[in-house]
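# Inside the fold
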Number of protein chains: 2
Amino acid sequence: MIKILVDAMGGDNAPAATCEGAALALENDKELHLILTGRQAEIEKELAKYKYDKTRLEIVDCPDVIGMNDIPTEAIKRKQSSLIAAYWMLKKEEDICALVTAGSTGATIVGGQLILGRIRGIKRPALCPAIPNNRGGVTLLCDCGANAECKPVMLCQFAILASAYAEAGFGIKEPKVGLLSNGTEEHKGDPLHQETYACLSKMKGVNFVGNVEGRDIMLSECDVVVADGFSGNIALKSMEGCGKLVLGVIKKEFSATLSSKIGYLFMRKAIKRMRGQLDFEKFGGALLLGLKKVVVKSHGSSKAKTIAASIANAAAIYRGGLVPAVEKKLEGVDFAALIPEEE
Amino acid sequence: MIKILVDAMGGDNAPAATCEGAALALENDKELHLILTGRQAEIEKELAKYKYDKTRLEIVDCPDVIGMNDIPTEAIKRKQSSLIAAYWMLKKEEDICALVTAGSTGATIVGGQLILGRIRGIKRPALCPAIPNNRGGVTLLCDCGANAECKPVMLCQFAILASAYAEAGFGIKEPKVGLLSNGTEEHKGDPLHQETYACLSKMKGVNFVGNVEGRDIMLSECDVVVADGFSGNIALKSMEGCGKLVLGVIKKEFSATLSSKIGYLFMRKAIKRMRGQLDFEKFGGALLLGLKKVVVKSHGSSKAKTIAASIANAAAIYRGGLVPAVEKKLEGVDFAALIPEEE
């Protein structure tokens, strides 16, 4: 049995999407046991619409909800909220292995650090989504927003965290790791990235392949792209923006003339496959890496399918042994020796 | 008459693409007069393939060519090279108004700073491409690679430079300017971006609309997005990568089955229009802004059409009065008062 917490009130479409997603996830994975936190009456009303195994679902009543505009450091004091109550249970109850939320990113990060806690030795948690790439697989981009300001030791740890995720979550052996910079040459970037390059080149447990550019996130052999949270966030959202623009143009152009409308009828399947391949949410949200347990941050706009994918992702990553894999990799690296001034 | 220099040896496809592009540009604009720098014999051989008005084209023989891997600060000492000879002519001859090159970006930037020189008061030149957006127009992204390390005064000047470009090059009145950050809230980003936000809010001559995210480059109402050269470069290349991935997937999917092949026959025109709308090179390369004359850096992989577009772009921007517009905007701003510690 795998016990996973779901923040039933998190996200733009909660609790409808979270409840439907939870029911769907239970149906897809018979080993799952879900604990939904949130307003019990609302949750029960939503759940009544679906068939699911009631013996594998609990509800913990939490009257409070954290909004997208609440200040994270204030919000985590509200123990009656669905997200914070979930974090406290995740911390205290040993048999619960993961948390899935589509709620406030800021509160998820702050709560993860201050309530659940980091893996021993990890300086900062990092957000790591899986981006579709031209090999039909995914590239893990880490960090993409948890840390606007970074130091070399943090970037080196992001490489460890995302490498462990690639292994535990996607079964990739010795994942190739690139450092996101403004060119591929060793001297590129600012001092932060130059120092990080030097450290990654010497590090054990990380298969560093050098600097990569923005286009290499989707078009290279890299399994992991390490970034400071500022430029990682910009890269992620720039790709999302481009993807949305393209799908919008396709939609417009393909209904522009009678000829293209006829063509569309023949190509519906191809277009559906294409959309699937470009779906940033296919793998169910971003991991918040570096914490003592698995935490998955699903997109704020998540619908039921994405919530179900995020829950399945959390279960897969727990089964794959993410946290022990990170701990093992950390054992092999002496950060004090690698980056003396940082420790 | 508008006199423009073309670095005939710059780029992966030179001198074939540059010569064909030059002939094309002369055909399209009867006011143009082009001066091609490079190996005369090779240029004459290429030009012999095309019809053009020979009275409006000169060749200046330069035996040397700067390669993509040459160190820029070394390369600009080579006065016999097609790019550096062009820069010297641009500096010395008053009636020449612009330079177009598809050669080394680094040498173009260094040559611009050290030979041609900056507009009085401008700290650093910046690279500014025009990115297609969801309004069917373009968003100017400045800087996207000339300056990996920036200070607030530089970013504020990029706002002035790109605003002047939007007005002179695209006729946009009071262009809307956003600051690229990892979120739209005022406090987002590192100290560099927080300080820049404060300065831009107070600046005259710049219609600042606040922080924008990566997706807003292609999907917002902004005409100009100001970025430090590191994250601007990452944004640009992330979008390029996503665009290439999508076009690759479309190509694959649309020839995957008999049905989709039939559909393609009906949709050829729609797909062509779509490709056109997503073409990052449509507007002929990036401007190197902040210099005393118009310099256009065309993509290294430019073909004849793109070279011709870059030449047309240079002419349009000169006609629009870019440099005087920048000078006028600079007059209105007292940087010493705005950012005391920087001056």
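Throughout, a residue's number is its position along its own chain's written sequence, starting from 1. Lettering of chains starts at A and numbering of ligands starts at 1, both following the order in which they are written. Local features are withheld for residues below a pLDDT of 70 in this predicted model, meaning they are given only at 70 or higher, and side-chain atom pairs are given and counted only at 80 or more; totals for whole chains, interfaces and linings count all residues. Where side-chain values are given, they derive from all heavy atoms of the structure, hydrogens and water being excluded.

So, on to the overall build of chain A. For helices the rule is a DSSP run of H or I covering at least 4 residues; for strands it is a run of E covering at least 2, with both sets numbered from the N terminus onward. Summing up its helical and strand segments, chain A has 13 helices and twelve strands in all. For a compact globule the rule gives 2.2 Å times the number of residues to the power 0.38, and the radius of gyration it is set against comes from C-alpha atoms. A globule of 343 residues ought to have a C-alpha radius of gyration of about 20 Å, and chain A, at 21 Å, matches this closely. Viewed in the frame of its principal axes, chain A has a C-alpha envelope of about 60 × 60 × 35 Å. Using the Shrake-Rupley algorithm and a 1.4 Å probe, accessible areas are obtained, with residue cover drawn only from the displayed protein chains. Of the roughly 13,900 Å² of accessible surface on chain A, 51% is carried by carbon and sulfur atoms. In summary, the charge assignment counts Lys and Arg as positive and Asp and Glu as negative, without counting His or the chain termini. A charged residue contributes its charge at one atom only: NZ of Lys, CZ of Arg, CG of Asp or CD of Glu. The average position of the 44 basic charges and that of the 41 acidic charges among the side chains of chain A differ by 6 Å.

This paragraph deals with the confidence of the model for chain A. For every residue, the predictor reports its confidence as pLDDT, a number between 0 and 100. Scored by pLDDT, chain A has a mean of 92; 98% of the residues are at 70 or more. Both scores are available for the predicted complex, with the pTM at 0.92 and the ipTM at 0.91.

Moving on to the side chain of S302 of chain B. All names here are of chain B. Secondary-structure assignment places S302 in the loop between β12 (294-297) and α11 (304-320). When its relative accessible area of 5% is taken as the criterion, S302 is described as buried. Among the polar contacts listed, one links the side chain of S302 to the side chain of S298, at a separation of 2.9 Å. Contact criterion: two residues are considered in contact whenever any of their non-hydrogen atoms come within 4.5 Å of each other. Ignoring sequence-local partners within four residues, the contact set of S302 consists of N13, A17, A102 and I307. Throughout, exposure labels follow a simple rule: accessible area from a 1.4 Å probe, protein chains only, divided by the maximum for the residue type, with under 20% read as buried, over 50% as exposed, and the rest as partly exposed. Here a polar contact is taken to be a pair of N or O atoms separated by no more than 3.5 Å, where protein atoms must pair a possible hydrogen donor with a possible acceptor and residues adjacent in sequence count only if both atoms sit in side chains.

Residue and element names in this part refer to chain A. Two strands pair under a simple rule: DSSP has to find at least two bridges between them. Spatial ordering of the open sheet is given by β3-β2-β1-β4-β12-β11-β5, a layout of seven strands whose pairing is mixed. Of all the strands in the sheet, the pair left with one neighbour each is β3 (57-61) and β5 (126-128). Sheet twist, expressed as the mean angle between neighbouring strand axes with direction ignored, is 25°. Two strands pair when backbone bridges link them, and strand β11 (residues 286-289) and strand β12 (residues 294-297) are joined in this way by two bridges, in the antiparallel orientation. Considered in β12, the bridge of A286 is made with K297. Packed onto the sheet, helix α1 (residues 16-28) meets β1 (2-7), β2 (32-38) and β3 and runs at close to 170° relative to β2. Across the face of the sheet, helix α5 (residues 105-116) comes into contact with β4 (96-101), β5, β11 and β12 while running at roughly 170° to β12. Fitting a line to C-alpha atoms yields each axis, with helices limited to the stretch in contact; the angle taken between N-to-C directions then spans 0 to 180 degrees.

At the junction of the two partners, chain B supplies 54 residues and chain A supplies 54 residues. Taken together, both faces of the contact between chain B and chain A bury some 4,700 Å²; the carbon and sulfur share is 71%. A side-chain nitrogen of Lys or Arg and a carboxyl oxygen of Asp or Glu constitute a salt bridge if their distance falls within 4 Å. Our count for the chain B to chain A interface comes out at four salt bridges. With its nearest N and O atoms 2.5 Å apart, the salt bridge here joins E213 of chain A to K237 of chain B. Linking chain B with chain A are eight residue pairs in polar contact (both at pLDDT 80 or more). Counting only elements with at least two residues in the side of chain B that touches chain A, the list comes to α7 (191-202), α8 (216-219), α9 (229-253) and α10 (258-277) of chain B. By buried area we mean how much accessible surface two parts lose on assembly, using a 1.4 Å probe and totalling the loss over both.

Looking now at the relation of the copies chain B and chain A. The superposition of copies rests on a least-squares fit of C-alpha positions from residues with pLDDT of 70 or more in both. Of the two same-sequence chains, chain B is brought onto chain A (RMSD 0.0 Å, axial shift 0.0 Å) by a rotation of 180°. Here the two chains are linked by the operation of a two-fold rotation axis. Among all C-alpha atoms of chain B, that of G263 of chain B lies closest to the rotation axis, at 2.0 Å.

In this analysis, a patch consists of residues with relative accessible area above 30% that form no salt bridge, clustered at 9 Å for like charges and at 5 Å for the nonpolar side chains Val, Leu, Ile, Met, Phe, Trp and Tyr. A cluster of nonpolar residues, Y264, L265 and F266 of chain A together with Y264, L265 and F266 of chain B, forms a patch on the protein surface that exposes about 540 Å² of accessible area. Classification of F266 of chain B as partly exposed rests on a relative accessible area of 32%.

This brings us to the nonpolar core. The set of buried Ala, Val, Leu, Ile, Met, Phe, Trp, Tyr and Cys residues whose side-chain atoms join them within 4.5 Å is what this entry labels a nonpolar core. Counting 101 residues, the largest nonpolar core has Y87 and L141 of chain A together with Y87, L141 and F254 of chain B as the members making the most contacts within it. Filtering out sequence-adjacent residues up to four positions away, L141 of chain A remains in contact with L127, C128, P129, I131, I217, V225, A227, G232, A235, L236 and M239 of chain A.

Once that is clear, we can look at the state of the cysteines. Defined simply, a disulfide is a covalent bond joining two cysteines at their sulfur atoms. Residues and elements named next belong to chain B. Note on disulfides: each one is a pair of cysteine sulfur atoms within 2.5 Å. Going through the model one piece at a time under the given rule, you end up with zero disulfides over all chains. Unpaired in terms of disulfides, C222 finds its nearest cysteine sulfur in C128, a separation of 13 Å. For C222, a relative accessible area of 4% translates into the label buried.

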